[in-house]
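Each chain, letter by letter, is given below.
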Amino acid sequence: MRRRLYFLLPDVSSTQQVVDDLLLTRVEARRIHVLGRRDIDLRDLPEANVLQKTDVIHGAQTGVILGAALGVLGGVLFTVFPPNDSNLPLVTLLVGSLLGALFGFWAASLVGAAVPNSRLKPFQVWIERGMLLLMIDVASKDAQRIAELMRQHPQAVPGGIEPTIPAFP
């Protein structure tokens, strides 16, 4: 299980100092994400990607659940009211569920990729004012250690902790 720590920083140079300290404490570079206004040059900072900037993950999760439910419903309808009076096995429910989940995943991911990440809404005003949002994905057991390290950087304003995030490799 991972946690995402949020911090607001005033500029690129102070963010670079914090990122350097994080790398020295063995936080992997792929676990550090920086988000700023489009007109700010982040230089060598690890920029947030589509997974952090959009609601694609939330959309995919919702799509799989709704798609599977609708697929099961479709499978039930096909088993109860089969086309051409054929006899469809109960595996039709499983096939319908899998096809529905795949379609839901695909469709909702596309929609989610076009929507800004709703979890970043509280930070939007600060980002528009020119601050940078630093997101650090850490193992739950390391969250306290990283929070202590961040206290050494008074310019870093804590923005909260997201209790659970998907633990992609």
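Our subject is the structure that appears above.
What you see is a predicted model; the values in this text were computed from it and never measured. (Residues numbered from 1 in each chain as written. Predicted model: local features only at pLDDT ≥ 70, side-chain atom pairs only at ≥ 80, totals over all residues. Heavy atoms only, no water.)

K.L.:
So, the overall build of the chain: which residues are in play, and what are the values?
P.N.:
The number of helices and strands found in the chain is six helices and four strands. Order of helices (α) and strands (β) in the chain, N terminus to C terminus: β-α-β-α-α-α-α-β-α-β. Taking 15 Å as the expected radius of gyration for a compact globule of 169 residues, we find that the chain reaches 22 Å, considerably beyond that expectation. Here the C-alpha coordinates of the chain stretch approximately 70 × 35 × 25 Å along the principal axes. Counting only residues that meet the buried cut, the chain has 40% of its 169 residues in that class. For the chain, the share of sequence-separated contacts (at least 6 apart) that also reach a separation of at least 24 residues comes to 82%. Carbon and sulfur atoms provide 64% of the accessible area of the chain, an area that totals close to 10,300 Å². Computed over 16 positive and 15 negative side-chain charges, the separation of the two mean positions in the chain equals 4 Å. (Helix = DSSP H or I, 4+ residues; strand = E, 2+ residues; numbered from the N terminus. Rg over C-alpha atoms; globule rule 2.2 N^0.38 Å. Buried < 20%, exposed > 50% of the residue type's maximum accessible area, 1.4 Å probe, protein only. Contact = heavy atoms within 4.5 Å. Areas by Shrake-Rupley, 256 points an atom, 1.4 Å probe, with all protein chains shown as cover. Lys, Arg positive; Asp, Glu negative; His and termini not counted. Charge placed at Lys NZ, Arg CZ, Asp CG, Glu CD.)

K.L.:
A description of the packing of helix α1 (residues 12-24) against helix α6 (residues 143-150) should follow, citing residues and the corresponding values.
P.N.:
At a minimum axis separation of 11 Å, α1 and α6 run at an interaxial angle of 140°. Overall, the two elements α1 and α6 adopt an arrangement that is oblique. Crossing geometry of α1 relative to α6 is assigned as right-handed. Of the residues in α6, those in contact with Val18, Asp21 and Leu22 of α1 are Ile146, Leu149 and Met150. Looking at the contact of α1 with α6, its residues break down into five nonpolar, no polar and one charged. (Axes fitted to C-alpha atoms, helices over the stretch in contact; angles between N-to-C directions. Parallel < 35°, antiparallel > 145°, perpendicular 65-115°, else oblique. Left-handed = near helix turned anticlockwise from the far one by under 90°. Nonpolar A, V, L, I, M, F, W, Y, C, P; charged D, E, K, R; others polar.)

K.L.:
Kindly report on the nonpolar core, identifying the contributing residues and their values.
P.N.:
Grouped together as the largest cluster of nonpolar side chains are 21 residues, with contacts concentrated most on Leu22, Leu134, Ile136, Ile146 and Met150. Elements that contribute at least two residues to this core include exactly β1 (2-9), α1, β2 (32-35), β3 (132-139) and α6. Dropping the residues within four chain positions of it, Leu134 is found in contact with Leu5, Tyr6, Phe7, Leu9, Val18, Val19, Leu22, Ile32, His33, Val34 and Met150. The next biggest cluster of nonpolar side chains, apart from the first, holds 10 residues, and it includes Tyr6, Leu120, Leu133 and Met135. (Core = buried A, V, L, I, M, F, W, Y, C linked by side-chain atoms within 4.5 Å.)

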